[in-house]
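Coordinate analysis (summary)
In case you want the letters, here they are:
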Amino acid sequence: MIHQEFSLKGTTYTIRAAVVTDAQNLSEVRWQIDGETSHLDREQGEAFIDTPGFEELIQTDTINEKNLFLVAVVADQIVGFSRCEGNSLKRFSHKVEFGVGVLKDYWGYGIGKNLLKESVRWCDSTGIRKMTLNVLESNKSAIALYENVGFKMEGLLENDKLFADEKFHNTVVMGRFK
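Residues numbered from 1 in each chain as written. Predicted model: local features only at pLDDT ≥ 70, side-chain atom pairs only at ≥ 80, totals over all residues. Heavy atoms only, no water.

1. What about the overall build of the chain?
If you tally the helices and strands in the chain, you get four helices and eight strands. Counting from the amino terminus, the chain carries its helices and strands in the arrangement β-β-α-α-β-β-β-α-β-α-β-β. Since a compact globule built from 178 residues should have a radius of gyration of about 16 Å, the 16 Å found for the chain is in line with a globular shape. Across its three principal axes, the chain shows a C-alpha extent of roughly 40 × 40 × 35 Å. Looking at the chain as a whole, 43% of its 178 residues qualify as buried. Contacts in the chain between residues far apart in sequence, at least 24 positions, make up 56% of those at least 6 positions apart. (Helix = DSSP H or I, 4+ residues; strand = E, 2+ residues; numbered from the N terminus. Rg over C-alpha atoms; globule rule 2.2 N^0.38 Å. Buried < 20%, exposed > 50% of the residue type's maximum accessible area, 1.4 Å probe, protein only. Contact = heavy atoms within 4.5 Å.)

2. Observations regarding the side chain of Arg83
Here Arg83 lies in strand 4 (residues 77–86). For Arg83, a relative accessible area of 18% gives the class buried. A polar atom in the side chain of Arg83 sits 2.7 Å from the side chain of Asp61. Residues within four places of Arg83 in sequence aside, it is in contact with Leu57, Asp61, Asn67, Leu68, Phe69, Glu97, Phe98 and Gly99. (Polar contact = N/O pair within 3.5 Å; in protein donor to acceptor, adjacent residues only side chain to side chain.)

3. Focus on the packing of aromatic side chains
A full pass over the atoms with the stated rule returns five aromatic pairs. Their ring planes at 25° and their centres at 5.5 Å tell us that Phe6 and Tyr13 sit as a pair that is stacked. Of the two residues, Phe6 and Tyr13, both sit in the buried class. Through a chain of ring-to-ring contacts, three or more aromatic side chains come together here, namely Phe54, Phe69 and Phe81. The cationic tip of Lys9 hangs over the ring face of Tyr109; the distance from NZ or CZ to the ring centre is 5.4 Å. (Phe/Tyr/Trp six-rings, centres within 6.5 Å; stacked < 30°, edge-to-face > 60°. Lys NZ or Arg CZ within 6 Å of the ring centre and 35° of its normal.)

4. Digging into the nonpolar core
Counting 44 residues, the largest nonpolar core has Leu26, Met131 and Tyr146 as the members making the most contacts within it. Broken down by element, the residue count for this core peaks at seven residues, all from strand 3 (residues 68–74). With residues near it in sequence (within four places) discarded, Met131 still touches Cys84, Val96, Phe98, Leu116, Ser119, Val120, Cys123, Phe151, Met174, Gly175 and Arg176. (Core = buried A, V, L, I, M, F, W, Y, C linked by side-chain atoms within 4.5 Å.)

5. Observations concerning helix 2 (residues 51–63)
With 13 residues, helix 2 should reach 18 Å at 1.5 Å per residue; the first-to-last C-alpha distance of 19 Å fits that figure. Taken as a whole, helix 2 has its buried residues at Phe54, Ile58 and Asp61. Buried residues along helix 2 cover an arc of 65° about the axis, so they all sit on one side. In helix 2, the exposed positions that point more than 90 degrees away from the buried face belong to Glu56 and Ile63. Buried residues in helix 2 make contact with helix 1 (23–36), strand 3 and strand 4. The distance from a side-chain oxygen at the start of helix 2 to the backbone nitrogen of Gly53 is 2.8 Å, and the residue carrying that oxygen is Asp50. (Expected span 1.5 Å × (residues − 1). Arc of directions from axis to C-beta.)

Here you go:
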């Protein structure tokens, strides 16, 4: 069971597995994160997951040995989360897809990096051989972080995302193979 404490710049936070009682806080945090950055796939309110939806997701991830749902908690409030989602198809059973989100007020505290590192550690310990993720080509700091823990660029999806300003953006497909 993952349960690690970290401290940086006077802020202490815990990274642990999500539990069903986190569902309402997760719904609120995800909605807020989606409105704070353009680095994610969704605009605020799109693909909204309510409390029962998160309850179901957490229960599914807890049961499924190929899924991992982590939260970062400061003073009993969730400030970030990450998920690794596996696939039941045999040809994809060796890999998971990784995604992460952190509230803007908590950028710069190593929360995203530590969520990633704990996910990598979990993958390595459970026999998952490959992690994949997608990141906007313009998100250079995230790409550098992913490269720092062993991810490599596997491809570029040109004009992959259309933003509200009618500008297209490229997506980098990255993978880490153990």
